[in-house]
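# Breakdown of the fold
Below are the chains, spelled out letter by letter.
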Amino acid sequence: MFKINENYLKLPGSYLFSTIAKKVNAYQEANPEKDLIRLGIGDVTQPLAPSIIEALHGAVDEMAAAETFHGYAPDLGYEFLRNAIVDGDYRSRGAQIEADEIFVSDGAKCDSGNIQEIFAQDNKIAVCDPVYPVYVDTNVMAGRTGTYDPKSETWSDVIYMPCTAENNFAPEFPKEVPDIIYLCFPNNPTGSTITKDQLQGWVDYANKNGAVIIYDAAYEAYISEDDVAHTIYECEGARTCAIELKSFSKNAGFTGVRLGYAVVPKDLTCGDVKLHDLWARRHGTKYNGAPYIVQKAGAAVYSEAGKAQLKEQVGYYMNNARVIYEGLKDAGYTVSGGVNAPYIWLKTPDGMSSWDFFDHLLEHANVVGTPGSGFGPSGEGYFRLTAFGNYENTVKAIERIKNI
Ligand code: MLT
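Being a predicted model, the structure only gives us computed values, none of them experimental.

Turning to helix α12 (residues 354–365), a few remarks are in order. A rise of 1.5 Å per residue sets the reference length of α12, with its 12 residues, at 16 Å; its end C-alpha atoms lie 16 Å apart and thus fit the reference within 8%. Three or more residues of α12 are buried, namely Ser-354, Phe-357, Phe-358, Leu-361, Leu-362 and Ala-365. End-on view of α12: buried residues confined to an arc of 135°, all on one side of the axis. The inward-facing, buried residues of α12 abut α2 (16–30), β15 (367–368), β16 (370–371), β17 (382–386) and α13 (391–402). After α12 finishes, the residue Asn-366 shows a positive phi value of roughly 55°.

Okay, here's the thing in structure tokens:
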């Protein structure tokens, strides 16, 4: 008789955003007349920029002729895209990354879930608390997290780094030294950032302790302040301790198109083994590449027209962030985030739990958000709203919240 991977049975409940979707669908079914505004999952609402649409159309036409048709993509991704990434995201920032250190994928969620596969099972992971749930859940599936304590909602073998108002939502070096450190800046869910100097501190810490940093920079396009690094490779020594994950979802609206990439520098080694070689082996074996059409669309992100159009799109969402931030502040809420990130993190009023506030907002304002406790125990008593809605709905949602 076959056996299942019992680690899956340890996972409490379903994936956070699936739970929310189920709850919201049930509410909408019971109240079909209600006009819900969804500011929960960080899904974009604006259409793809014209230069991306143009690139998609062009690539579709290429697929229609035998001379320009494309089958399987190269393992690491097409060179035209990897070169554009290197120039646009690294060289322009003085960071030394080569095209053959870029692994194109179908998104940062898959990469952030899959990357743990190249590490031994007895590595100890450290995560910010609250945190994007994929990092912990995928390590649970791999059997790396020990036992779950439902009371504290923590795993015995995970090092939690609380990010709370007291430390300005910035993780502190943990007492116990981890092997793998997950960092995400600008942060999901708190919308906070750390300065480049603080990030340099983490790079130095990782190099000193022989740890590896998995750096999720999915929200990099939203950075507006000068002292925040756009890539971890702006920090000295990051090539020997950091893997960076990037997404095209948030900067270019690819949530439904799917494209991302991982950077694994060749200087990142364990003994004489290059992590680059392990990830290349994994990528080649388990993945057949993002579609040619989509990679062409990805390259258009780096064209002059694409850059200008996407700057405007990011500006559109950041204007929503300002509307949410200022509106909630006026209404007496304690709010943070929303300056370098499309997420606003607010303290629930009157000591309400995160899920109680979720129900409260759903019922009385018909607004959907994300309960902070879904991201980890230190998220309890907090709530996340996304700036990825459209402007009209965002304004309406804040009016409704103010009028509860
Ligand atoms: C979120 O809402 O946290 C994100 O949309 C999830 C994701 O990007 O996978």
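In this section: the site of the ligand. Near the ligand the following residues occur: Ile-41, Gly-42, Asp-43, Lys-109, Tyr-132 and Asn-188. Looking at the shell around the ligand, its residues break down into two nonpolar, two polar and two charged. Split by domain, the residues of the shell around the ligand number at least three in each of domain 1 (7–48 + 305–402) and domain 2 (53–303).

Taken in spatial order, the four strands line up as β13-β14-β17-β16 in an open sheet, and their pairing is antiparallel. For this open sheet the edge positions go to β13 (335–337) and β16, each flanked by a neighbour on one side alone. Note: β16 against β17, two bridges, orientation antiparallel. Paired with Thr-370 across the bridge in β17 is Arg-384. Contacts from helix α11 (residues 304–330) reach β13, β14 (343–347) and β17 within the one sheet, and its direction differs from that of β14 by about 15°.

With that settled, consider the nonpolar core. Core analysis: the biggest nonpolar cluster contains 114 residues, and Val-127, Tyr-182, Ile-213, Ile-232, Ile-243 and Ile-344 have the highest contact counts within it. Here this core gathers at least three residues from each of two domains, domain 1 (7–48 + 305–402) and domain 2 (53–303). If near-sequence neighbours (up to four positions away) are discounted, Ile-213 is found in contact with Ile-181, Leu-183, Trp-202, Ala-206, Ile-232, Cys-241 and Ala-242.

This paragraph deals with the UniProt feature "binding site: substrate" (unreviewed entry) in the protein chain. Look at the UniProt record and you will see "binding site: substrate" (unreviewed entry) annotated at Tyr-15, Gly-42, Lys-109, Tyr-132, Asn-188, Asn-288 and Arg-384. Judged by maximum C-alpha separation, these annotated positions cover 370 residues in sequence and are scattered in space, the widest gap reaching 35.3 Å. Looking at the element boundaries, Lys-109 is found in helix α5 (residues 108–114). Mapped onto the elements, Arg-384 comes out in strand β17. Accessibility expressed as a C-beta count within 10 Å gives 26 for Arg-384, which makes it buried. Not counting residues up to four positions away in its chain, the partners in contact with Arg-384 are Pro-189, Tyr-343, Trp-345, Gly-369, Thr-370 and Gly-372.

Conventions adopted
- Residues numbered from 1 in each chain as written.
- Predicted model: local features only at pLDDT ≥ 70, side-chain atom pairs only at ≥ 80, totals over all residues.
- Helix = DSSP H or I, 4+ residues; strand = E, 2+ residues; numbered from the N terminus.
- Expected span 1.5 Å × (residues − 1).
- Buried ≥ 20, exposed ≤ 12 C-beta atoms within 10 Å, placed from the backbone.
- Arc of directions from axis to C-beta.
- Contact = placed C-beta atoms within 7 Å.
- Near = placed C-beta within 6 Å.
- Nonpolar A, V, L, I, M, F, W, Y, C, P; charged D, E, K, R; others polar.
- Domains from an automatic or database assignment.
- Pairing = 2+ DSSP bridges.
- Axes fitted to C-alpha atoms, helices over the stretch in contact; angles between N-to-C directions.
- Core = buried A, V, L, I, M, F, W, Y, C linked by C-beta atoms within 7 Å.
- UniProt positions renumbered as here; feature names shortened; annotations may be inferred.

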